[in-house]
Amino acid sequence: PLLQGQGGPSTNTVLLSLFNPFGAQLMVSNAVLSIRKQEMAQPHFVLQHADRRVAVASLDNGVVHLRLLRNGRPVAPGWRLAGLGDFNGDEQPDILWQNTNGTLAAWYLDGTNIISAGFLISAKPVANGWRAVGVADLNGDTKPDILWQHETGRLAAWFMDRTNRVSSTLLRDGKPVLPGWQLAGLSDLNRNGKTDFLWQHSDGRLGVWYMNGIQFLGSGQIRNHLGNPLGQNWRAMGLWDKGIQGGNPCMLIQHKHVGLYLVEWQMAEVTMGSTSKMGDSQILHHADPAYNGWRIEAIYPEN
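S.K.: Is there a simple way to think about the pairing of strand 15 (residues 215-223) in this case?
M.R.: For a regular strand, side chains alternate in direction, first toward one face of the sheet and then toward the other. Pairing geometry for strand 14 (residues 206-212) and strand 15, over seven bridges, is antiparallel. Looking at the pairing, Leu206 lines up with Ile222 of strand 15. Two successive antiparallel strands, strand 14 and strand 15, enclose a turn made up of two residues, where Gly213 displays a positive phi of approximately 70°.

S.K.: Just checking my understanding: could you explain the environment of Gln232 for this structure?
M.R.: By secondary structure assignment, the location of Gln232 is in the loop between strand 15 and strand 16 (234-240). Sequence-distant contacts of Gln232, that is, excluding residues within four places in its chain, are made with Ser202, Asp203, Gly204 and Lys256.

S.K.: Help me out: how do you make sense of the nonpolar core in this one?
M.R.: The nonpolar side chains of a soluble globular protein tend to be buried with one another. Ranked by size, the top nonpolar core spans 20 residues in total, and within it Phe45, Leu66, Leu252, Leu262 and Ile296 carry the most contacts. Put simply, the parts of the chain that give this core at least two residues each are strand 1 (44-49), strand 2 (54-60), strand 3 (63-68), strand 16, strand 17 (250-255) and strand 20 (294-299). Residues Val54, Leu69, Leu84 and Ile95 belong to the second largest nonpolar core, which totals 18 residues.

S.K.: What's the story with unusual backbone geometry in this structure? I'm lost.
M.R.: When glycine is set aside, most residues are seen to have a negative phi, and most peptide bonds are trans. One non-glycine residue, Glu91, adopts positive backbone phi at about 65°. For Ser122, which is not glycine, the phi torsion reads 55° and is therefore positive. With respect to the helices and strands, the residue Ser122 is situated in the loop between strand 7 (113-119) and strand 8 (130-136).

Procedures and definitions
- Residues take numbers from 1 onward in each chain, read along the sequence in its written order.
- Side-chain atom pairs in this predicted model are given and counted only at pLDDT of 80 or more, local residue features only at pLDDT of at least 70, and totals for whole chains, interfaces and linings cover all residues.
- By convention in this description, side-chain values take in all heavy atoms of the structure and omit both hydrogens and water.
- Two strands are said to pair when DSSP picks up at least two bridges between them.
- Runs of H or I in DSSP of at least four residues are treated as helices and runs of E of at least two as strands, each being numbered from the N terminus.
- Contacts: residue pairs with any heavy atoms within 4.5 Å of one another.
- What we call a nonpolar core is a set of buried Ala, Val, Leu, Ile, Met, Phe, Trp, Tyr and Cys residues that are connected through their side-chain atoms within 4.5 Å.
- Think of it in three bands: with a 1.4 Å probe and only protein chains considered, a residue is buried below 20% of the maximum accessible area for its type, exposed above 50%, and partly exposed in between.

All quantities given are derived from atomic positions and should not be read as evidence of function.
Put into structure tokens, the structure is as follows:
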């Protein structure tokens with residue numbers, strides 16, 4: 001059901017080709033790509049189009065290299081891209097999906113090549129109202145765990161052993177997140193070796209929860225170097241690490257209304273309990289109507 005037009009998850013290698021949104025193919029049709037994570041220009045990310053096509057893209061000096069997965073065949077209705085994590089232990093990020101009926105599945109990737117797909121937790125659906133909002137190692141076992149948010153605002157974590165759930169727990173004793181806030185990214189913002197939570201409000205404001213695993217330590221706001229919040233027309237897509245020793249992560253933001261207009265913000269100050277400031281920013285990709293309809297859903301973890 002995850003792979004449209006087939007009776008179940010595919011186990012066949014998928015052929016890919018570079019794709020121009022206007023419709024012209026830029027490489028020989030059916031050329032097999034096997035571009036592993038470390039060979040791709042940074043940053044690189046997974047996108048989904050409004051018509052449910054999925055692609056992996058990288059940026060190289062302002063040029064977008066976009067590769068359609070599954071030759072551009074759309075994902076079946078009802079499936080939502082929920083995050084990236086290595087769910088089969090091959091040190092390559094895989095794509096996590098959630099269905100409207102509550103089941104979870106993964107596309108297992110080798111770079112941009114889908115090698116197989118399958119269900120998580122034996123295709124057992126999750127309870128109604130819960131939405132998978134992020135993937136990260138939340139308990140320090142080096143394996144990806146799944147962060148959930150209920151429609152009431154409560155948060156929960158599933159501690160995973162690859163595709164099997166080991167245990168689960170509510171965060172902050174089930175105290176809900178305030179209305180209007182949505183998880184935007186997971187990254188170690190204060191360089192304590194623990195994953196922190198980046199939040200964005202519907203009015204554009206940015207906030208952060210500093211965490212010790214699933215223990216909430218404190219919160220703060222994030223503003224630009226002028227002290228202003230992120231505007232309503234911009235969506236924080238997540239955080240990525242350039243691999244600079246001791247350096248702070250960057251935030252990738254995308255304009256909501258124009259084609260793949262991307263800006264990178266370097267985190268300058270990270271201070272728990274107060275306002276953290278962004279440093280330098282740069283345009284990674286100018287607005288291009290050829291990319292209208294494409295939205296970044298997940299950023300590849302670096303290193």
